[in-house]
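Geometric and topological summary
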Amino acid sequence: MLLPRCLVVVAGLCAAAAPAGAQTSTADLLLVNGRVYTLAWDDPSPDGAPAANAPRSAGGFHPDAEAVAIRGDRIVFVGTDRDARAWRGPKTRVVDLGGATVLPGLVDSHTHIAGLGERESQVDLVGVATEAEAVERVAAFAKSVPKGQWVLGRGWDEGAWANHYPTKKLLGERVPDHPVLLSGLHTFAVWANPLALERAGISRATAAPEGGEIVKDAAGEPTGVLLNRATSLLTDAVPPPTEEQYEAYVLAGLARMAHDGYVAVHEAGADRRLMKAFASLDARGRLPVRVYAMLSLRDADLCREWLRRGPDRANGRMLTTRSVKAFYDGALGSRGARLLEDYSDRPGQRGVSGTQYGFDQSLMAEMMKGGFQAAIHAIGDAGNRETLDFIESVEKAQPETRALRHRIEHAQVLHPDDVPRFARLGVIASMEPPHCVEDKAWAEARLGPERVKGAYAWRTLRRAGARLAFNSDLTGSDHDIFYGLHAAITRRDKKLEPAGGWHPEERMTPEEAVRGYTAWNAYAAGWEKDSGVIAPGRWADLTVMDLDPLVVGATDPGRLLRGSIRATIVAGKVAYTAVP
Ligand SMILES: [Zn+2]
């Protein structure tokens, strides 16, 4: 009897302390004056038509909020600037967005983050005009590297510099205490300092392997440049990264993603070493963005360990592990993808798949039955069909595994008969808009005019009820979100070619493109109740950009390529901001 009375009293006190409908706490972070798209309206139709409750007028999309309030790691308010004032307290950090666009945090749902971090940990020499300038960049970089440790760089243009190759001399004078190896832009040449040559055991007595050259001066002394197959004499001398260095790569890769607007990545194939790095960064609270880790099926011991332990069931941690990545077939460019019929430009060849390609079917089935999502790389139409057959067989044997939202990574070439199976089996097509515009030059040659219609077939898949998830497959493709959105919306490359888009009937609308990198990726990770839309109670994961992709994507999509990220907020913390 006492309990209800207390509740009434407490409720009464609340009402007295604050006006009806208002909250009693304040925000830690308050974003105002923004163009906020919550995405808290229904998905567009399979044809891309916006839902009836989408924020639109005759002129197209308009933002559905101005302000977002964050407390701790959650969103507590979304609405107008006027109503947001109530969340302002003495300790609230208020950020005026100056009309920038706010979206639910971007997610790249297929990454290889250590490779990105390794690249980030090297001296970037792309676009450097002179030897002296390159050397100064290396010297500046080397200051933060312990003496004796290798300094790696890449990107000097061995083609443009072919008539006046740099030498080891200036590089050795300015950077004497670190072995330095600088790879050319096209990887046909490397340039080294004397210490690197010494570590690699390269002297005037060293003979170049066939197909390679150790450039030597008139006196027979190596100048510091090695060409073609001789480059491996140096690259093989670089020791593999220590555990510490590797973790630094992973951190650098994730930090780069935060810098580029992403709040999370789905890592496509983590072995023991990578899982250890993720776990170590997580334990120290150092993950700058969320990580949804797919275990690498190739690391069978690691998978079996996780099978005993079971998948992470709860969300909310920065690191979630409940998916397994495997390869079913090869790639289309190298004609390794498994096709139902011969390659159009190589009769007799159909690629390789399944056990021939190292796919451990029984272990994957065990993982799925153990509660793990399968994420299987399949490129060719036969590769996709066989992968769907495999998933179907597991779902038949154990129907509850369908709820795990298995995915096919790339789903690049599909036979028309297999397209409806994605929806039927609940399989997500996890695809890369950049691949479409990068492969278009030769994809048609590999497949011929008929089969190519089933390639990168986003619209066809949506019409058949399939769910999509968009990503970059970095480092293979540029993960720049504006490039990704532009590719999805226009099917044009960075040079805006072809003008009308390559097989434009498969284009996505700007809304679909944005959802592909936000809400749909949230679904693919099982995070749709915690993220993917901007709403009270959701994770405070937001991306702020200087242009409005829903408006620009519809009116002048080429301008998307000039967009930039203003800020990235992950779990309520500002992980990146363009304004210091
Ligand atoms: Zn990949």
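Quick caveat: nothing in here was measured; it's all calculated off a predicted structure.

1. Topic: the coordination of the zinc ion
His 110 (NE2), His 112 (NE2) and Asp 473 (OD) make up the full set of protein donors to the zinc ion, lying at 2.1 to 2.2 Å. Sequence spacing of the donor residues for the zinc ion, all on one chain, is H-x1-H-x360-D.

2. Description of the nonpolar core
Counting 114 residues, the largest nonpolar core has Val 250, Phe 278, Met 364 and Phe 422 as its most contacted members. The contact partners of Met 364, leaving out residues within four places of it in the chain, are Leu 297, Val 324, Lys 325, Ala 326, Phe 359, Ala 374, Ala 375, Ile 376 and Phe 390. Core analysis: the next-biggest nonpolar cluster, separate from the first, contains 21 residues, Val 151, Val 175, Leu 182 and Trp 191 among them.

3. Digging into the side chain of His 410
Within the secondary structure layout, His 410 lies in strand β20 (residues 407-410). By relative accessible area, which is 4% here, His 410 ends up buried. The contact partners of His 410, leaving out residues within four places of it in the chain, are His 110, His 377, Ala 378, Ile 379, Ser 430, Met 431, Glu 432, His 435 and Asp 473.

4. What to know about helix α9 (residues 272-283)
Along its 12 residues, α9 runs 16 Å from first to last C-alpha, staying within 8% of the 16 Å computed at 1.5 Å per residue. Listed as buried for α9 are Leu 274, Met 275, Ala 277, Phe 278, Leu 281 and Asp 282. Angular distribution of buried residues about the axis of α9 spans 160 degrees; they occupy a single face of the element. Where the residues of α9 are buried, they touch α3 (113-120), α8 (243-259), β16 (262-270), β17 (290-296), α10 (300-309) and β18 (319-327). Taken from the residues just after α9, Gly 285 is the one with a positive phi, measuring 65 degrees.

5. Topic: the sheet that holds strand β8 (residues 101-104)
Pairing is mixed in the open sheet, where five strands are placed in the order β2-β8-β23-β24-β25. Across the chains shown, the open sheet's two edge strands, defined by having one partner strand only, are β2 (35-36) and β25 (573-577). In the sheet, β8 pairs with strand β23 (residues 542-545) via four bridges, with the strands oriented antiparallel. When the sheet's bridge partners are listed, Val 102 is paired in β23 with Val 544.

6. Thoughts on the environment of Leu 447
Summarising the element assignment, Leu 447 is placed in helix α14 (residues 433-451). Judged by its relative accessible area of 2%, Leu 447 is buried. Setting aside its immediate chain neighbours within four residues, Leu 447 contacts Leu 332, Leu 339, Ser 344, Val 413, Val 452 and Ala 455.

7. Looking at the pairing of strand β6 (residues 74-79)
Two elements, strand β5 (residues 67-71) and β6, share five bridges in a ladder whose sense is antiparallel. Counterpart to Ile 70 in the pairing with β6 is Ile 75. Two successive antiparallel strands, β5 and β6, enclose a turn made up of two residues, where Gly 72 displays a positive phi of approximately 60 degrees.

8. Topic: the pattern of salt bridges
With the rule as written, the count across this model stands at 35 salt bridges. Across the pair Arg 256 and Glu 120 runs a salt bridge whose closest N-O atoms are separated by 3.7 Å. Here Arg 256, found in helix α8, pairs with Glu 120, found in helix α3; they are 136 residues apart in sequence, far enough to count as distant. Classification of Arg 256 as partly exposed rests on a relative accessible area of 28%. The exposure class assigned to Glu 120 is partly exposed, which follows from its relative accessible area of 33%. For Arg 421, the salt bridge is made with Asp 418, and the minimal N-O distance between the two is 3.2 Å. Of the two residues, Arg 421 and Asp 418, neither departs from the other in class, the shared state being buried.

9. With respect to the side chain of Glu 512
One can find Glu 512 in helix α17 (residues 510-516). Aside from chain neighbours lying at most four places away, what touches Glu 512 is Pro 44, Ser 45, Pro 46, Gly 48, Arg 459, Arg 462, Phe 470 and Trp 520.

10. Observations regarding α10
Along an α-helix, residues three or four apart share an orientation, since each turn contains 3.6 residues. If you check which residues of α10 are buried, you get Leu 302, Cys 303 and Trp 306. Buried positions in α10, seen along its axis, are confined to an arc of 100 degrees and lie on one side of it. Exposed positions of α10 whose direction lies more than 90 degrees from the buried face are Asp 301 and Arg 308. Directly after α10, the chain includes Gly 310, whose backbone phi takes a positive value near 90 degrees.

11. Some points on the packing of aromatic side chains
Applying the stated criterion to the full structure yields 13 aromatic pairs. Of the aromatic side chains, those joined through ring pairs into one cluster are Trp 156, Trp 161, Tyr 165 and Trp 191. Over the ring of Trp 539 we find Arg 290, and its NZ or CZ is 3.8 Å from the ring centre.

12. Observations concerning the sheet that holds strand β12 (residues 180-184)
The mixed open sheet is built from six strands, whose spatial order is β10-β11-β12-β13-β15-β14. At either end of the open sheet lies a strand with only one pairing partner, and these are β10 (123-124) and β14 (212-216). By the bridge criterion, three bridges tie β12 to strand β13 (residues 189-192) in an arrangement that is antiparallel. Looking at the pairing, Leu 181 lines up with Ala 192 of β13.

13. Comments concerning unusual backbone geometry
What is expected of a backbone is that most residues other than glycine have negative phi and most peptide bonds are trans. The linkage connecting Leu 474 with the following residue, Thr 475, adopts the cis geometry, with an omega of 10 degrees. Tracing the backbone shows Thr 475 in the loop between β22 (468-470) and α16 (481-490). With an omega of -10 degrees, the peptide bond running from Glu 497 to Pro 498 counts as cis. Its place among the elements puts Pro 498 in the loop between α16 and α17. Phi angles above zero are rare outside glycine, and Arg 335 is one such case at about 60 degrees. Relative to the helices and strands, Arg 335 resides in the loop between β18 and α11 (361-369).

Rules and cut-offs
Residues numbered from 1 in each chain as written. Predicted model: local features only at pLDDT ≥ 70, side-chain atom pairs only at ≥ 80, totals over all residues. Heavy atoms only, no water. Donors = N, O, S within 2.8 Å, 3.2 Å for Na, K, Ca; no water. Core = buried A, V, L, I, M, F, W, Y, C linked by side-chain atoms within 4.5 Å. Buried < 20%, exposed > 50% of the residue type's maximum accessible area, 1.4 Å probe, protein only. Contact = heavy atoms within 4.5 Å. Helix = DSSP H or I, 4+ residues; strand = E, 2+ residues; numbered from the N terminus. Expected span 1.5 Å × (residues − 1). Arc of directions from axis to C-beta. Pairing = 2+ DSSP bridges. Salt bridge = Lys/Arg side-chain N within 4 Å of Asp/Glu carboxyl O. Phe/Tyr/Trp six-rings, centres within 6.5 Å; stacked < 30°, edge-to-face > 60°. Lys NZ or Arg CZ within 6 Å of the ring centre and 35° of its normal.

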